[in-house]
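Structural features, examined
Below are the chains, spelled out letter by letter.
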Amino acid sequence: MRAHPHTPPRTLRFVSTLAATLALLGACSDGGPTGPVAAGDLAPGATSLDRATPTYTFAGIDVPDALATQPQGINAGGDIAGWYVDASRHSHGFILHDGAFTQVDYPGANNTMVRGIGPDGTVLGTYRNDAEEPVAAHGFRRAPDGTFDLVHYAGHLYEIPQRVLPDGTILGCRHDHDTMDSMDGVMITRDGATEIGQFASMNNGATPSGHLIVGLYTSTSGQTRGYTIDDGVFSDFMVPGSTQTSAWDVNPRGDIVGIYRNAAGFHGFVRTAGGYTTIDVPGASATRVFGTNARGDLVGTYARGGVTRGFLMTRQ
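Residues numbered from 1 in each chain as written. Predicted model: local features only at pLDDT ≥ 70, side-chain atom pairs only at ≥ 80, totals over all residues. Heavy atoms only, no water.

**A word on the environment of Asp 231**
With respect to the helices and strands, the residue Asp 231 is situated in the loop between β17 (224–230) and β18 (233–237). The class of Asp 231 is exposed, set by a relative accessible area of 54%. A C-alpha to C-alpha distance of 6.3 Å links Asp 231 and Leu 212, two positions 19 residues apart in sequence. (Helix = DSSP H or I, 4+ residues; strand = E, 2+ residues; numbered from the N terminus. Buried < 20%, exposed > 50% of the residue type's maximum accessible area, 1.4 Å probe, protein only.)

Written out as structure tokens, the structure reads:
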């Protein structure tokens, strides 16, 4: 596997404008930053030609009346999936397509979290009922026609499906009564299921072919580290200067996105051939990047005033 340059992370710079945020995405009511950094727009599904110096246009994503909004994934067509918390503090999944939110609730469940979205609009996630233990997580898949199927990893109590690839392969993790000692990254295909055998690990994303997988695990020293599995070869990595790093997604070109922590708090990152770029929403106390797509758009969350809000950063 090619060694990655361990250069200090660049910090993403926003150019603010007075242009309105995308109303169809629920612009942030607290005056979140907006505006493009000049560059030509890419067609949906196209990969960026400039990997080394990514720039973005920011728009907020807030489900109306939600206490918190958490986008988790974005597909090549720009459809966004995630979950939100309502006034009763129950969670519901959502799909954002062409400016309209569709609520996703697993039938009969008190809480639903959508975590990933495939190229055809299939979404993955978990559900849990209030009477269950806090770590309970039952996997499901929802087809574009609205029908649900259970996703279960045999031999364990719970599973978290995180991403679905074009061929239907599912990535995620399994666990039992905890999310540390019994958690392991898994891959579920039509031919069976496998796990990676790393402590407290989770497969969070992969290129469409599945040859490059990214995720997070806990090292023997107790440190959360990101990893890649490149054609079966496991390698871990840390954003330079971080105390924790977790990889949450990768696009077809191999650009990896995720979260790191340092003395200043939590930040998003993008790792390209040119190194690391830090993603910080101006004025936020924490920024986290969870998903990316073929053209390099990002989705994630930021915290401001004690409220968790979602964002879309459109790659320019």
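**Concerning the pattern of salt bridges**
Summed over the entire model, instances satisfying the criterion amount to 6 salt bridges. Ionic pairing is found between Arg 309 and Asp 62, a salt bridge with its closest N-O pair at 2.9 Å. Here Asp 62 lies in the loop between β2 (56–61) and β3 (68–74) and Arg 309 lies in strand β25 (residues 307–315), a separation of 247 residues in the sequence. Comparing Arg 309 with Asp 62, the two get one shared label, buried. Here Asp 297 makes a salt bridge to Arg 295, at a shortest N to O gap of 2.9 Å. The burial state of Asp 297 is the same as that of Arg 295; both residues are buried. Here the salt bridges do not stand alone but share partners, grouping Arg 174, Asp 184 and Glu 195 into one network. (Salt bridge = Lys/Arg side-chain N within 4 Å of Asp/Glu carboxyl O.)

**A few points about empty space enclosed by the protein**
A full pass over the atoms with the stated rule returns 1 cavity of 30 Å³ or more. Put simply, the largest cavity is a space of about 30 Å³. Lining the largest cavity are Val 151, Glu 159, Ile 160, Pro 161, Ile 170, Leu 171, Gly 172, Cys 173, Val 186 and Ile 188. Put simply, the parts of the chain that give the lining of the largest cavity at least two residues each are β11 (158–164), β12 (170–175) and β13 (184–189). Of all the elements, β12 adds the most residues to the lining of the largest cavity, at 4 residues. Residues that form the lining of the largest cavity fall into these classes: 8 nonpolar, 1 polar and 1 charged. (1 Å grid on protein atoms, 1.4 Å probe; cavity = no way out; pocket = protein on both sides within 12 Å on 5 of 7 lines; lining within 4 Å. Points joined across faces, edges and corners; volume = space filled by probe spheres on them. Nonpolar A, V, L, I, M, F, W, Y, C, P; charged D, E, K, R; others polar.)

**A look at the packing of aromatic side chains**
Following the criterion strictly, the structure yields 13 aromatic pairs and no others. Ring pairs connect the aromatic residues Tyr 106, Tyr 127, Phe 140 and Phe 148, which therefore count as one cluster. The ring centre of Phe 266 lies 4.3 Å from the NZ or CZ of Arg 288, which sits over that ring. (Phe/Tyr/Trp six-rings, centres within 6.5 Å; stacked < 30°, edge-to-face > 60°. Lys NZ or Arg CZ within 6 Å of the ring centre and 35° of its normal.)

**Topic: unusual backbone geometry**
A positive phi angle is found at Arg 89, which is not glycine, with a value near 65°. Mapped onto the fold, Arg 89 is located in the loop between β4 (80–85) and β5 (91–97). On the basis of relative accessible area, Arg 89 is assigned to the exposed category, the value being 66%. One non-glycine residue, Ala 200, lies in the positive phi region at around 50°. In this structure, Ala 200 sits in the loop between β14 (192–195) and β15 (202–206).

**Observations concerning the environment of Ala 68**
Structurally, the position occupied by Ala 68 is in strand β3. Residue classification places Ala 68 among the buried positions, given a relative accessible area of 13%. The spatial distance from the C-alpha of Ala 68 to the C-alpha of Thr 301 is 9.4 Å, given a sequence separation of 233 residues. Those residues in contact with Ala 68 that sit more than four places away from it in its chain are Trp 83, Tyr 84, Val 85 and Thr 308. (Contact = heavy atoms within 4.5 Å.)

**Quick look at the side chain of Asp 297**
One can find Asp 297 in the loop between β23 (286–292) and β24 (298–304). Within polar-contact distance, the side chain of Asp 297 engages the side chain of Arg 295 at 2.9 Å. In this structure the side chain of Asp 297 is engaged in a polar contact, spanning 2.7 Å, whose partner is the backbone nitrogen of Arg 315. Each residue touching Asp 297, except ones within four places of it in the same chain, is listed here: Ile 74, Gly 291, Thr 292, Leu 312, Met 313, Thr 314 and Arg 315. (Polar contact = N/O pair within 3.5 Å; in protein donor to acceptor, adjacent residues only side chain to side chain.)

**Some remarks on the layout of surface pockets**
Within this model, the largest pocket holds a volume of roughly 550 Å³. Considering the residues around the largest pocket, the lining is formed by 24 residues, among which Met 202, Leu 216, Ser 246, Trp 248 and Phe 290 are closest to the centre. Top contributing element to the lining of the largest pocket by residue count: strand β19 (residues 244–250), with 4 residues. Split by residue class, the lining of the largest pocket holds 13 nonpolar, 8 polar and 3 charged.

It is worth stressing that arrangement in space is one thing and function is another; only the former is reported here.
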